There are 2 protein chains.
Amino acid sequence: MMICMYKEPILFLPGPVNPPYNVNKMLSLPMIGHRTEEFHEIFADIINMLRKIFMTSKSEIFLLTSSGTGAVESAIINCFSSREKVLIPIYGEFSRRASSIMKKHGIKAIELNIPIGRGPETELIKREIRKKRDIKGIFIVYNDTSPGVFVRNLPEIADVARNENILIVIDAVSILGGSKLFMDKWGIDVVVAATQKCLATPPGISMIAVSKDAWDIMEKKNVKSLYFDLKEYKKFLLKNETPFTPAINILFSLRESLRNILDIGLNNWIRMHKLRARILYTFFEMASFKPFVKKKFRSDTVLSFSTPKELSPIKFKEELRNRFSIYIALGMGELKSKIIRIGNMGYIPFNNLASLILASSIIFKRYGIKIDIDEILDKDMVLK
Amino acid sequence: MMICMYKEPILFLPGPVNPPYNVNKMLSLPMIGHRTEEFHEIFADIINMLRKIFMTSKSEIFLLTSSGTGAVESAIINCFSSREKVLIPIYGEFSRRASSIMKKHGIKAIELNIPIGRGPETELIKREIRKKRDIKGIFIVYNDTSPGVFVRNLPEIADVARNENILIVIDAVSILGGSKLFMDKWGIDVVVAATQKCLATPPGISMIAVSKDAWDIMEKKNVKSLYFDLKEYKKFLLKNETPFTPAINILFSLRESLRNILDIGLNNWIRMHKLRARILYTFFEMASFKPFVKKKFRSDTVLSFSTPKELSPIKFKEELRNRFSIYIALGMGELKSKIIRIGNMGYIPFNNLASLILASSIIFKRYGIKIDIDEILDKDMVLK
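Residues numbered from 1 in each chain as written. Chains lettered and ligands numbered in written order. Predicted model: local features only at pLDDT ≥ 70, side-chain atom pairs only at ≥ 80, totals over all residues. Heavy atoms only, no water.

The name given to chain A in an unreviewed UniProt entry is Alanine--glyoxylate aminotransferase family protein, with Desulfofervidus auxilii as the source organism. Annotation of chain A in UniProt includes, under Cofactor (unreviewed entry), the sentence "pyridoxal 5'-phosphate". The UniProt entry for chain A carries this comment under Sequence similarities (unreviewed entry): "Belongs to the class-V pyridoxal-phosphate-dependent aminotransferase family." (UniProt positions renumbered as here; feature names shortened; annotations may be inferred.)

**Brief notes about the overall build of chain A**
The secondary structure content of chain A amounts to 14 helices and 15 strands. Relative to its length of 384 residues, chain A is compact, with a C-alpha radius of gyration of 21 Å against a globular reference of 21 Å. When its C-alpha atoms are laid out on the principal axes, chain A stretches across 65 × 55 × 30 Å. Out of the 384 residues belonging to chain A, those deemed buried represent 64%. Sequence separation of 24 or more characterises 73% of the internal contacts of chain A that already satisfy a separation of 6 or more. Carbon and sulfur atoms provide 51% of the accessible area of chain A, an area that totals close to 15,200 Å². Positive and negative side-chain charges in chain A, numbering 58 and 40 respectively, have mean positions lying 4 Å apart. (Helix = DSSP H or I, 4+ residues; strand = E, 2+ residues; numbered from the N terminus. Rg over C-alpha atoms; globule rule 2.2 N^0.38 Å. Buried < 20%, exposed > 50% of the residue type's maximum accessible area, 1.4 Å probe, protein only. Contact = heavy atoms within 4.5 Å. Areas by Shrake-Rupley, 256 points an atom, 1.4 Å probe, with all protein chains shown as cover. Lys, Arg positive; Asp, Glu negative; His and termini not counted. Charge placed at Lys NZ, Arg CZ, Asp CG, Glu CD.)

**Let's talk about the UniProt feature "domain: Aminotransferase class V" (unreviewed entry) in chain A**
Following the UniProt record, the feature "domain: Aminotransferase class V" (unreviewed entry) maps to residues 31-329 of chain A here. Taken end to end, residues 31-329 of chain A has its terminal C-alpha atoms 34 Å apart, with 44% of it in helix and 18% in strand.

**Comments concerning the pattern of salt bridges**
In this structure the tally under the stated criterion is 42 salt bridges over all chains. For Glu111(A), the salt bridge identified is with Lys103(A), shortest N-O distance 2.8 Å. The exposure class of Glu111(A) is partly exposed, given its relative accessible area of 33%. Its salt-bridge partner being Glu84(B), residue Lys221(B) comes within 3.2 Å of it at the nearest N-O pair. Linking Lys221(B) in the loop between helix H8 (212-218) and helix H9 (230-237) with Glu84(B) in the loop between helix H3 (68-79) and strand E3 (85-90), this pair joins segments that are 137 residues apart in sequence. (Salt bridge = Lys/Arg side-chain N within 4 Å of Asp/Glu carboxyl O.)

**Some remarks on the relation of the copies chain A and chain B**
Here chain A sits on chain B after a turn of 180 degrees about the axis and a move of 0.0 Å along it, with an RMSD of 0.0 Å. Put plainly, the chains are arranged around a two-fold axis. Closest to the rotation axis within chain A is the C-alpha of Ser66(A), separated from it by 2.6 Å. Both copies present the same face, since 100% of the interface residues in chain A are matched by interface residues at the equivalent positions in chain B. (Least-squares fit on C-alpha atoms with pLDDT ≥ 70 in both.)

**What about helix H11 (residues 266-286) of chain A?**
Residues spaced three or four apart along an α-helix point in a common direction, a consequence of the helix completing one turn every 3.6 residues. Between its terminal C-alpha atoms H11(A) stretches 31 Å, which fits the 30 Å expected from 21 residues at 1.5 Å a residue. A positive backbone phi angle near 65 degrees is found at Ser288(A), which sits one or two residues after H11(A). (Expected span 1.5 Å × (residues − 1).)

**Description of the UniProt feature "binding site: substrate" (unreviewed entry) in chain A**
Residues and elements named next belong to chain A. Using the residue numbers shown here, the UniProt feature "binding site: substrate" (unreviewed entry) corresponds to Arg341. Judged by its relative accessible area of 6%, Arg341 falls in the buried class. In contact with Arg341, other than residues within four places in its own chain, are Phe12, Pro14, Thr145, Ser146, Val302, Leu303, Ser304, Ile328, Ala329, Leu330, Gly331 and Met332.

**Things to note about the pairing of strand E12 (residues 302-306) of chain A**
Along any regular strand the residues' side chains alternate between the sheet's two faces. Residue and element names in this part refer to chain A. In terms of residue burial, E12 counts as a mostly covered element, since four of its five residues are buried. Pairing of strand E11 (residues 290-291) with E12 involves two bridges; the strand directions are antiparallel. Within E12, the position partnered with Lys290 by the bridge is Ser306. (Pairing = 2+ DSSP bridges.)

**With respect to the side chain of Ser361(B)**
All names here are of chain B. Mapped onto the secondary structure, Ser361 falls in helix H13 (residues 350-366). From its side chain, Ser361 meets the backbone oxygen of Ile357 in a polar contact 2.7 Å long. For Ser361, the contacting residues outside a window of four places in its chain are Phe283, Ile373 and Ile376. (Polar contact = N/O pair within 3.5 Å; in protein donor to acceptor, adjacent residues only side chain to side chain.)

**Observations regarding the packing of aromatic side chains**
A full pass over the atoms with the stated rule returns 40 aromatic pairs over all chains. Between Phe289(A) and Phe305(A), the aromatic rings sit 6.1 Å apart at their centres with planes inclined by 85 degrees, giving edge-to-face as the arrangement. One end of the pair, Phe289(A), is in the loop between H11 and E11; the other, Phe305(A), is in strand E12, with 16 residues separating them in the sequence. Owing to a relative accessible area of 0%, Phe305(A) belongs among the buried residues under this scheme. Pairing Phe289(B) with Phe364(B) gives two aromatic rings, centres 5.3 Å apart and planes at 50 degrees, and the pair type is tilted. Note that Phe289(B) is positioned in the loop between helix H11 (266-286) and strand E11 (290-291) and Phe364(B) in helix H13, a separation of 75 residues in sequence. In this structure Phe364(B) comes out as buried when scored by relative accessible area, which is 0%. Aromatic ring contacts, followed pair by pair, group Tyr227(A), Phe228(A), Tyr233(A), Phe244(A), Tyr227(B), Phe228(B), Tyr233(B) and Phe244(B) into a single cluster. Sitting over the ring of Phe182(A), Lys185(A) keeps its end group 4.3 Å from the ring centre. Between Arg298(A) and the ring centre of Tyr281(A), over which it is positioned, the NZ or CZ distance is 5.7 Å. (Phe/Tyr/Trp six-rings, centres within 6.5 Å; stacked < 30°, edge-to-face > 60°. Lys NZ or Arg CZ within 6 Å of the ring centre and 35° of its normal.)

**Regarding the sheet that holds strand E5 (residues 135-141) of chain A**
All names here are of chain A. Read across the sheet, seven strands follow the order E2-E10-E9-E8-E5-E3-E4 without closing on themselves; strand pairing throughout is mixed. Each edge of the open sheet is held by one strand with a lone partner, namely strand E2 (60-65) and strand E4 (108-113). With strand direction ignored, the average angle separating the axes of adjacent strands in the sheet is 20 degrees. Across three bridges, strand E8 (residues 167-171) lies against strand E9 (residues 190-194) in parallel orientation. Counterpart to Ile170 in the pairing with E9 is Val191. Here helix H6 (residues 154-164) sits on the sheet in contact with E5 and E8, set at roughly 155 degrees to E8. (Axes fitted to C-alpha atoms, helices over the stretch in contact; angles between N-to-C directions.)

Here is the structure:
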């Protein structure tokens, strides 16, 4: 007998993530107009909650209907004009992408190539800024998912930027909500994020938080885009609206998800990411998987590993997908066949984590990779 | 006794619209990755169906995560470079917006101001193109929702453009699926549309269809944006993917909605718009509402009226909203207090149409506006 059923995908991707049931359900609320009081209320709610997530009381928060890359482009062109110099350390696809956005707009991207699997050391940043004159800002991808590099020393880099009196713009797309980011306390000028990562919401909406200092600069810029000109968004912010029709359903969901996170508590939500990361690192290292990134810069939200020789990255990925409907990612670009990447973002319930661990163990056994399942049972996998 | 219930909004807005039940339900399908085979299948399905809606066999269709304005900006900057001249007849907020996008990018927008409540006459366009030398293209908002102007003579204007060998770029955001648009047959180069209007889907995804001729031009352009550079989208099109994370849930819905439309038949779907428009024009004219737009340019998807003196536009809008949870719009900008606008887009079931008619009749009676309800009952309101 053939049982034909829809297999629900279990996502351990570097985004998108499986949204929790209550978040997903909100998507299909009845449609409302985006110039109505009902919308204003939802919008205001979201902005107020996001302030708590970005840890800022003074910044403006803008909601865009775009992927994270759209918001990164918007942040860049609102902060910097063509021919201005911006320091951009490169340690993965997303820092490379930010640099190519700058070049598209004639901004002088001063690239600082970091050896693969490492992040930007604070001292290096400091030296570079002092070396070149007239640097207007520095762009940091807080967590570059392509190798899985987490810039743990961001507060130090922010200090450098503040001392040198230059703007610091952060791509926090794959990490906001998954690790600490004290925007006000650390003195970050601009932070970009998106719904579909640690905020456990479907994709479609991105956000840009802008400090007062950064806004003073932006206000005077002549931005060569209408859709990405934050001054347009600012005009409508006072009315709790967006200038253009937003992805309304994603906002329904985002509100619910932010409520979840604040109910649990932002610190607890972040702690859940850390705990799961620890469990996953331990588990895969037991199976002779090697973390690809140096410990100092290792990400908790995207874990990258090279695999034991018995099991190639692509084989492991395919076995998980074909047999268990579990989705992980390979490396990007030249790293494609060299590493696996496991997303650990948003709300991952015990059953999903258990499935990944048990399914992996089954595959390991078939490929002759030794793993002590008894030892795993000693790990505490209660995540809350 | 107080019954507290969520009042489901009935939308007669110029977008967004109420998506049909089966379309709305699809929003909360389990999340999938956008680099997976499951996604490729959905993406390919959508593109194939959209070809039938755009009436084109030869064009490429790009899906963007943005509002319609985002896609309009993308179309403009992929077609035209700074300092190039583009003719843009202005007859409402959306043609004005396209012009301001051009100016932002240094494109020379040659504005052609049309008297309010009218559209661009073909002869005028022809004269203007011949007068100015070196015009690279013409931008037409096929249906400008702000006054409710429908450019019924688009095929003639397209003929002019073809004869003069210049690009013709169409904003069809508020009309694709609601009226005929034979992209290939009429020789239209670029058509922009969005999900949340006549395609009866929630907002979040916009589309750009590009003819082969237009692509030959685009391919050589140096576009000053990454997010809106269609060459990036083209690279991923072959894999049935988008370059950046799309609003995946909206795509789930869009597929379902396009299936609905093609099941019903595109011609029938368009005919439903026309029939409803005829019923609504007749009904409101019976109540002494005056269509704001000259008959020749009157839209079937956004109907605009000035109201009888007993009942101001804002009063009528508020009564419908507060008492019946029915949403219509006022005019935009200077027309705000002067007209009402009634959206007639997508799937509007009999119960919604009946509610608008009966609720309006009740309001008319209270304000002393004469209407013969018996006569209305003679109208055939079976829409399929």
